[in-house]
Amino acid sequence: MVEQGQTSLAGQRLGAPETLGISTLEPGHKPPAMPPGRLVPIRVVLLDDSEEIFDISHRASGRVLFEMVCLHLNLIEGDYFGLEYQSHHRKMVWLDLLKPIRKQITRPKHTILRFVVKFFPPDHTLLLEELTRYLFALQVRQDLASGRLTCSDASAALLVSHIIQSEIGDFEETQCRQHLLNTNYIPDQMALMDKIMEFHHKHIGQTPAESDYRLLEVACRLEMYGIRLHPAKDREGTKLSLSVAHGGVLVFQGHNRINNFNWSKIRKLSFKRRRFLIKLRADPSQNVNQDTLEFLMASRDCCKMFWKICVEYHAFFRLFEEPRPKPKPVLFSRGSSFRFSGRTQKQVIDYVKENEFKKLPFDRKHSRVQYNSSLSPLRSAQHQVPNQAVKQSWEGSFLVSSEDSAVIRPHGDSSPSTQRNGCSDQTYPIQEDNRSPTAKQQPIDRAEVTCALVNGHADDCRGATPSPLISPMLNDTGAIRVDDEEDNRRKNCPADNAYCIAKELLSTERTYLKDLELITVSFQRVLDEEDCIPDTLKTLLSSTYEPLHSHHTHFLQELEERLSLWEGRCNIQGKGEIQCVGDLLLKTVQELKGLSAQLQIISECVFALEKACVASHRLEHVCREFELQKVCYIPLNVFLLSPLHRLLHYRQILDRLCKHYDPTHTDYSNCRAALDDVCELEAALHPGLEEIENYQKLLELQKDLIGVEDLALTGRQLIRLGCLSKLSGKGLQQRMFFLFNDVLMYSTRGITSTNQFTVHRQLPLHGMTIRESEDEWGVPHSFTLMVQQQSLVVAACSESEMEKWMEDLKMAVDIAEESNGLNTDLLTASKDVKSSGASEVESEDDLTGSRTSLPRNGNSSANTFHRGNTTAHVCWHRNTSVSMLDFSIAIENKLSGNLLRKFKNSNGWQKLWVVFTNFTLFFYKTHEDEYPLASLPLLGYSVTHAGESENIHKDHVFKLHFKSHIYYFRTDSEYFFERWITVIRSATVSASRTRYLNRTEPD
């Protein structure tokens, strides 16, 4: 039988040219030109029930009208919306943007179109603009009133309470009751009036923008959110309804969902006359004999209309870019030429992230609240979202709320009706070539999203983990603005390099003491309140860190006094005594030698705490929750190891002082003696430091990975982690790879509440061969891994990345060949993730099916609390990699101090206290702040000098840029300019093993 239509899914594939389609408000493009012809007035009803008339040519396409509506609204994320109208069959249909309006609407003067939401994302945090969220809130308001959005009484009351909070403001009983009597939001509203008022009373202080956000947060969890039911029958004549959502095709009986078919399970969608056909992919694991499901709809037009919206939903949520048009057939046409027109969700998100828009105020028709939307903290993704409102599902690109029920869970392939049929009027092959990351429910790369968030959570938000890539775009009121006059009035500090080195010592000592206080004060207080720590561990921690804290507190006081005198006026005779720090460093290092017992048991503290967490789920829960607090801006174990790291910093500072001073200088002998003592102390602790650093990284990865157990085994070493693209029949697909000294694993970002990585395959290194294969496959920067007679072709993002991976892989293979071997069977035995040597276990269900977070070794629930800004997550979003050598370099290159910050298009500079650690810049107002206001991971960024063409007429300015995001930073001296450039480059440029060894060779 011949299938008349074969609409191929033409998303971006390997080697395919870029699309030339122009989508809504594409950068650098204007709306389509109005074709010549007489003008026809078209009436469009907007979501706030206002009516606008647009005069367009009678020859214009639907795209022209749609763009005019979006421009009228100043709407950037217009691709989520559409125009619908009532056909002559009295059915609501979508306006086709590619066809002329006159071919769709017979009497345009007498037809009313409605501007409504067309594509409902599974999570409200994907809507980055305040105006977009407002329009979605209006859509929810309409759906509630019409009865389309059905839910429980409690949910309905909560939704209405958020609506009236945005419309009338804070709760006042008489006003609220009168408003509910005059305005009907839901059927049978009178019965729920008291419940609505009870909820409304709890929203005091919420702005209209926050109310929209909360409204959508609740609505997204409802099963009927965004659902439009299309009547159908199964083979036996049972009345059903079909619908389509971001995850696939749904089947309802009444308002109860009885089945769903995930896009990953669907091979082809087609229809023949009144029959709508779903062809499923073969599933060997289930005894399903029929692969085609059939549903009977009211008419061919109804069937075709539903088929079209399915095609559009699949393309919008699953493709990287707009499908290209099919070439026209020479003789005969085979079916419909219909295709999705517009940007995909990924393109919309990328477009909004990569461009800065002037925020224009807009009117809220129903709101009585005096409120300036242009000043709202929620007006876009570049401003802070409400606390506890964001829950990350971050890889890919879906952020899901903590109780998200909109994510489609895979069911069996059973259906009320099944029938084989290979003939259809139109077909739509569901080829999952290069699916959009949003289809995998991966979080948005908010590398440039501006929020006052740290650790991937908002203020006091337990467990919330939005994008880790948070840029430091603080409000103007959030930092001291420094203009030219203030520059001239600033204190004249000594320009000597010795003073600058001493200033660096002071700045980093302040940060280090804050880190110690986190352990001795904040963490200790939490443990005391919870009373869940064994006495032996409590004694071990206090006896180790409290003496160190006391010592460094006294040292910081002396250092501050010395620098204060150094900066002030003094007589010539006293300068030699106060313009030096070598004596203070010699004294503190000698005292640290007396505390060597405490330094030597720091590793024991890390091991003991981890062992106690394994034994006590409650303690593990407390520690994981503490890590999500704003003060704990990096992993807790890194704070525990900070005394060992501090010795490395002392060595570097002393080395720079010795190189700066002439041997005859009065301070040289003290610096030289202190340097010798630090080197001696460091040499005694160095072997243990390497071991514990590797152990700490394995523990961090254990929390990032699902389906892996016993990762932190004695003898296992992390070598490199990062992104590569795996070549398969579906093209290049992004995967996260983890290379150890015994095994290579790769994973994808899951759609769990914590966005952990789900491991799909492990490859033992013993017997593996690596070869370049760019010529063989025609894929740039690709290489092939051969093991156990199977091959895996992967591609790096650049030639340098490929060289680093191949170099580390060859070294790891050599180590594996020489070693006795570890337990390389790391993967848990489950139906989702299995391991059989190098066998391929990845399936589409693994990539798109819904999962819950797997705990430590599959048994604990503590991993519900998970950091969202770990190095692995940043590597995933920046498509890069880091090695254990990079981590070692990063430990040595910590830096703190004041910087002046300026945006690309802003005027003036803002003074911030900046801490660089763990490949990330953390921003504070002052060094006395308890926690950072924002952070900027630097992996993937480039750092350069600001050029003359950039009109930065200041000295000592460097530029950070990633894609279209540019930040300027300014230091107060040449010394600090070079220091910041050096440490930032250590984070932005991954070191190859060869270069690192050459750099560390003794002179």
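Keep in mind that what you see is a predicted model, and the values were worked out from it rather than measured.

## Observations concerning the overall build of the protein chain
- Assigned secondary structure in the protein chain consists of 26 helices and 32 strands.
- Looking at the protein chain residue by residue over its 1003 residues, the buried ones come to 60%.
- For the protein chain, contacts bridging at least 24 residues in sequence account for 70% of all contacts bridging at least 6.

## Let's talk about the sheet that holds strand β4 (residues 92–94)
- Strand order in the open sheet formed by 5 strands is β2-β1-β5-β3-β4, with mixed pairing between adjacent strands. The sheet is open, and its two borders are formed by β2 (51–57) and β4, each paired with just one other strand. For this sheet, the mean inter-axis angle between neighbouring strands, taken without regard to orientation, is 40 degrees.
- Relative to β2, strand β1 (residues 39–45) is paired through 7 bridges, and the arrangement is antiparallel. The partner of V40 across the bridge, within β2, is I56.
- Seen against the sheet, helix α1 (residues 62–73) touches β1, β2, β3 (81–86) and β5 (112–117) and runs at an angle of roughly 135 degrees to β2.

## Points about the packing of helix α11 (residues 535–567) against helix α13 (residues 582–594)
- Packing of α11 against α13 brings their axes to within 11 Å, and their N-to-C directions diverge by 175 degrees. As judged from the angle between their axes, α11 and α13 are roughly antiparallel. Across the interface between the two elements, L548, H551, H552, H554, F555, E558, L559 and R562 of α11 pack against D583, L584, L585, K587, T588, E591 and L592 of α13.
- When grouped by side-chain class, the residues that make up the contact of α11 with α13 number 6 nonpolar, 4 polar and 5 charged.

## A short note on unusual backbone geometry
- Of note, the phi angle at N879 is positive, near 55 degrees, even though the residue is not glycine.
- In this fold, N879 is placed in the loop between α23 (871–878) and β25 (881–883).

## A look at the pairing of strand β7 (residues 239–245)
- β7 sits mainly inside the fold: 6 of its 7 residues count as buried.
- Bridge count for strand β6 (residues 230–233) against β7 is 4 bridges, and the pairing is antiparallel. Directly across from A232, in β7, lies its bridge partner L240.
- Hairpin geometry of β6 and β7 is characterised by an intervening segment of 5 residues between the two adjacent antiparallel strands and by a positive phi of about 90 degrees at G237.
- Relative to strand β8 (residues 248–253), β7 runs antiparallel, the two being bridged by 5 bridges. Each residue of the ladder has a partner; that of S243, found in β8, is L250.
- Taking the residues that link successive antiparallel strands as the turn, the β7-β8 hairpin has 2 residues.

## Describing helix α10 (residues 497–530)
- In this model, α10 (34 residues) spans 48 Å end to end at C-alpha, consistent with the 50 Å of a helix rising 1.5 Å per residue.
- At L518, α10 is deflected by roughly 35 degrees, the largest bend along its length.
- Summarising burial for α10: 25 of the 34 residues are buried, a large majority.
- One or two residues past the end of α10 sits D531, with phi positive at roughly 50 degrees.

## Describing the environment of L785
- Summarising the element assignment, L785 is placed in strand β23 (residues 782–787).
- Judged by its relative accessible area of 1%, L785 falls in the buried class.
- In this structure, the C-alpha to C-alpha distance between L785 and L765, residues 20 residues apart in sequence, is 9.8 Å.
- L785 has contacts with L744, M768, T769, I770, Q790, S791, L792 and L809, leaving out every residue within four places of it along the chain.

## Concerning the pattern of salt bridges
- Under the counting rule described, the total for this entry stands at 37 salt bridges.
- With a closest N to O distance of 2.7 Å, R228 and E84 form a salt bridge. Here the residue R228 occupies a position in the loop between α6 (208–219) and β6, and E84 occupies one in strand β3, the gap between them amounting to 144 residues. Taken individually, R228 and E84 each receive the classification buried, so the pair is uniform in this respect.
- When the shortest N-O distance is used, the salt bridge between E130 and R364 registers 3.1 Å. Taken together, the residues span a long stretch of sequence, with E130 in helix α2 (residues 130–146) and R364 in the loop between α8 (345–354) and β13 (426–429) at a distance of 234 residues. Exposure class is identical for E130 and R364. Each is buried.
- Connected through shared salt-bridge partners, E130, D212 and R364 make up one network.

## Focus: the side chain of H203
- For H203, the position within the fold is in the loop between α5 (193–201) and α6.
- A relative accessible area of 7% places H203 in the buried class.
- Leave out the neighbours within four places in its chain, and H203 touches L158, S161, H162, Q165 and D170.

## Here we look at a negative patch on the surface
- Taken together, the side chains of E772, E774, D775, E799 and E803 present a region of like negative charge at the surface.
- Counting residues per element, the ones that place at least two in the negative patch are α20 (774–777) and α21 (799–818).
- For E772, the position within the fold is in strand β22 (residues 769–772).

## Details of the environment of Q598
- With respect to the element layout, Q598 can be found in helix α14 (residues 596–600).
- What makes Q598 buried here is its relative accessible area of 17%.
- Spatially, the C-alpha atom of Q598 lies 9.7 Å from that of E546, the residues being 52 residues apart in sequence.
- Not counting the four nearest positions on each side in its chain, Q598 is found in contact with S543, T544, P547 and L548.

## Re the packing of helix α15 (residues 602–615) against helix α16 (residues 617–627)
- Contact geometry of α15 with α16 gives a least axis separation of 5 Å together with a crossing angle of 120 degrees. On the basis of their axis angle, the class for α15 and α16 is oblique. Between α15 and α16, the contacting residues are L609, E610, A612, C613, V614 and A615 on the first element and H617, L619, E620, C623 and R624 on the second.
- For the contact of α15 with α16, a count of residues per class yields 7 nonpolar, 1 polar and 3 charged.

## Some points on the packing of aromatic side chains
- Overall, the coordinates contain 33 aromatic pairs when judged by the stated rule.
- Ring centres 5.5 Å apart and planes at 40 degrees place the aromatic pair Y313 and F317 in the tilted group. Of the two residues, Y313 and F317 both sit in helix α7 (residues 300–318), 4 residues apart, roughly one turn of that helix. The exposure classification of Y313 matches that of F317, with both residues buried.
- For the pair F737 and W805, a centre-to-centre distance of 6.4 Å together with 70 degrees between the ring planes defines the contact as edge-to-face. With F737 in strand β19 (residues 731–740) and W805 in helix α21, this residue pair connects regions lying 68 residues apart in the sequence. Neither residue differs from the other here; F737 and W805 are each classed as buried.
- An aromatic cluster is defined as three or more aromatic residues linked by ring pairs; in this entry it consists of F66, Y80, F81, F115, F119, F120, F136, Y225, Y313, F316 and F317.
- Geometry around F962 places R878 over its ring, the cationic atom sitting 4.7 Å from the centre.
- Residue placement shows R970 over the ring face of W909; its charged tip is 5.4 Å from the ring centre.

## A few points about the pairing of strand β12 (residues 292–297)
- Within β12, 5 of the 6 residues are buried, which leaves the element mostly enclosed by the surrounding structure.
- Two strands pair when backbone bridges link them, and β6 and β12 are joined in this way by 2 bridges, in the antiparallel orientation. From the neighbouring strand, K233 faces β12, where its bridge partner is L296.

## Digging into the environment of A498
- Along the chain, the position of A498 falls in helix α10.
- In this structure, the C-alpha to C-alpha distance between A498 and C658, residues 160 residues apart in sequence, is 9.8 Å.
- Once residues lying within four places of it in the same chain are set aside, the contact partners of A498 are W566, L657, H660 and Y661.

## Topic: the nonpolar core
- By size, the foremost hydrophobic cluster in this structure holds 130 residues, and its most contacted members are L585, L721 and W980.
- Broken down by element, the residue count for this core peaks at 15 residues, all from α10.
- Discounting residues that sit within four places of it in the chain, W980 has contacts with L895, S896, G897, L899, V914, F916, L921, F958 and T971.
- Of all hydrophobic cores here, the second largest spans 107 residues; its members include Y185, M193, A219 and I227.

The rules behind each value
Residues numbered from 1 in each chain as written. Predicted model: local features only at pLDDT ≥ 70, side-chain atom pairs only at ≥ 80, totals over all residues. Heavy atoms only, no water. Helix = DSSP H or I, 4+ residues; strand = E, 2+ residues; numbered from the N terminus. Buried < 20%, exposed > 50% of the residue type's maximum accessible area, 1.4 Å probe, protein only. Contact = heavy atoms within 4.5 Å. Pairing = 2+ DSSP bridges. Axes fitted to C-alpha atoms, helices over the stretch in contact; angles between N-to-C directions. Parallel < 35°, antiparallel > 145°, perpendicular 65-115°, else oblique. Nonpolar A, V, L, I, M, F, W, Y, C, P; charged D, E, K, R; others polar. Expected span 1.5 Å × (residues − 1). Bend = angle between axes of the 7 residues up to and from the residue. Salt bridge = Lys/Arg side-chain N within 4 Å of Asp/Glu carboxyl O. Patch = residues over 30% accessible without salt bridge, like charges linked within 9 Å, V, L, I, M, F, W, Y side chains within 5 Å. Areas by Shrake-Rupley, 256 points an atom, 1.4 Å probe, with all protein chains shown as cover. Lys, Arg positive; Asp, Glu negative; His and termini not counted. Charge placed at Lys NZ, Arg CZ, Asp CG, Glu CD. Phe/Tyr/Trp six-rings, centres within 6.5 Å; stacked < 30°, edge-to-face > 60°. Lys NZ or Arg CZ within 6 Å of the ring centre and 35° of its normal. Core = buried A, V, L, I, M, F, W, Y, C linked by side-chain atoms within 4.5 Å.

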